[in-house]
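Single-letter residue listing:
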Amino acid sequence: MIFDRPTSSELIKAVMDFLDTKIKDELPPHLAFKLRITNNVLGMVQREIDQGEALQQEVYDAMQNLMHSDELTTKKLSELIKDGKIDLKDEDLKDLLAILSKNKIAVDNPNYSTYKKLIK
């Protein structure tokens, strides 16, 4: 990477910490709630920066294993399922959907109890 420190992830974390420790208590409840939403979004962006490539590669590998195609997208997957080219009972499809769901939750909200069960 051509950029040194602070990294994008570190900058996002610094903004989140500032908002949470310096700003949150000065806001009326309705704005504090909006700040919480903002921090959740920033957390998602930070997790995508930190883990996105690895999570995406895991999904692509599972897609390639199932689809054997150059077009590895969820749109293409849904078309193959709709056209009956992939059976809903296919174990590789079930594995792919589990990986896709787990990886999306890893970015969206890794504090979900279901996610914690999946990674054990």
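Here the structure is a predicted model, which means the values were calculated and not measured.

Undergrad: I tried to follow the side chain of Gln 46 on my own but got confused; where do I start?
TA: Residue placement: Gln 46 occurs in helix α2 (residues 29-67). Beyond its immediate chain neighbours, meaning those up to four positions away, Gln 46 contacts Ser 9, Ile 12, Lys 13 and Met 16.

Undergrad: What is the right way to read the packing of helix α1 (residues 8-23) against α2 from this model?
TA: What describes two packed helices is the angle between their axes and the distance between those same axes. Contact geometry of α1 with α2 gives a least axis separation of 9 Å together with a crossing angle of 165°. In this view, α1 runs roughly antiparallel relative to α2, as classed from their interaxial angle. By crossing handedness, the relation of α1 to α2 is classed as left-handed. Residue-level inspection shows Ser 8, Ser 9, Ile 12, Lys 13, Val 15, Met 16, Leu 19 and Asp 20 of α1 in contact with α2, the latter providing Leu 35, Asn 39, Leu 42, Gly 43, Val 45, Gln 46, Ile 49 and Asp 50. Partitioning the contact of α1 with α2 into residue classes produces eight nonpolar, five polar and three charged.

Undergrad: Please clarify how the packing of helix α3 (residues 74-82) against helix α4 (residues 91-108) should be interpreted in this entry.
TA: Closest axis-to-axis distance for the α3/α4 pair is 13 Å, and the angle between their directions is 150°. In this view, α3 runs roughly antiparallel relative to α4, as classed from their interaxial angle. Handedness of the α3/α4 crossing: left-handed. Contact residues: α3 offers Thr 74, Leu 77 and Ile 81, while α4 offers Leu 93, Leu 96, Leu 97 and Leu 100. For the contact of α3 with α4, the residue count by class is six nonpolar, one polar and no charged.

Undergrad: Hey, could you run me through a nonpolar patch on the surface in this one?
TA: A grouping of Phe 33, Ile 37, Val 41, Val 45 and Ile 49 is seen on the molecular surface, where their side chains present a nonpolar patch of about 430 Å² in accessible area. Examined against the element boundaries, Val 45 turns out to sit in helix α2. Residue classification places Val 45 among the partly exposed positions, given a relative accessible area of 38%.

Undergrad: Explanation requested: α1 in the structure shown.
TA: Helical geometry note: an α-helix holds 3.6 residues per turn, so side chains three or four residues apart project in the same direction. Between the first and last C-alpha of α1 there are 21 Å, a value that for 16 residues agrees with the 22 Å anticipated at 1.5 Å per step. Listed as buried for α1 are Ser 9, Ile 12, Met 16 and Leu 19. Along the long axis of α1, the arc covered by the buried residues comes to 95°, so they all point the same way. With respect to the buried face of α1, the exposed residues turned more than 90 degrees away are Thr 21 and Lys 22.

How each quantity is defined
What you see as residue numbers is a count from 1 along each chain, following the sequence as written. A pLDDT threshold of at least 70 governs which residues receive local features in this predicted model, and a stricter bar of 80 or more applies before side-chain atom pairs are shown or counted, although totals over entire chains, interfaces and linings include all residues. Note that the side-chain values use all heavy atoms of the structure and ignore hydrogens as well as water. The numbering of helices and of strands both runs from the N terminus, where a helix is a DSSP run of H or I of at least 4 residues and a strand a run of E of at least 2. Any two residues whose heavy atoms approach within 4.5 Å are treated as being in contact. Helix axes are fitted to C-alpha atoms over the stretch in contact, other axes to C-alpha atoms as well, and angles between N-to-C directions run from 0 to 180 degrees. To sort the angles, those under 35 degrees are grouped as roughly parallel, those over 145 as roughly antiparallel, those from 65 to 115 as roughly perpendicular, and the leftovers as oblique. Left-handed is the label given to a crossing in which the near helix is rotated counterclockwise from the far helix by less than a right angle, and right-handed is the label when the rotation is clockwise. Polar here means any residue outside two lists: the nonpolar Ala, Val, Leu, Ile, Met, Phe, Trp, Tyr, Cys and Pro, and the charged Asp, Glu, Lys and Arg; Gly therefore counts as polar. The patch calculation keeps residues exceeding 30% relative accessible area without a salt bridge and links them within 9 Å when they carry like charges or within 5 Å when they are nonpolar (Val, Leu, Ile, Met, Phe, Trp, Tyr). The Shrake-Rupley method, run with a 1.4 Å probe sphere, supplies the accessible areas, and residue values consider only the shown protein chains as cover. Any carboxyl oxygen of Asp or Glu within 4 Å of a side-chain nitrogen of Lys or Arg constitutes a salt bridge here. With a 1.4 Å probe rolled over the protein chains alone, any residue whose accessible area is under 20% of its type maximum counts as buried; one over 50% counts as exposed, and the rest are partly exposed. Expected span of a helix: the number of residues minus one, times 1.5 Å. Here the arc refers to the directions that run from the helix axis out to each C-beta atom.

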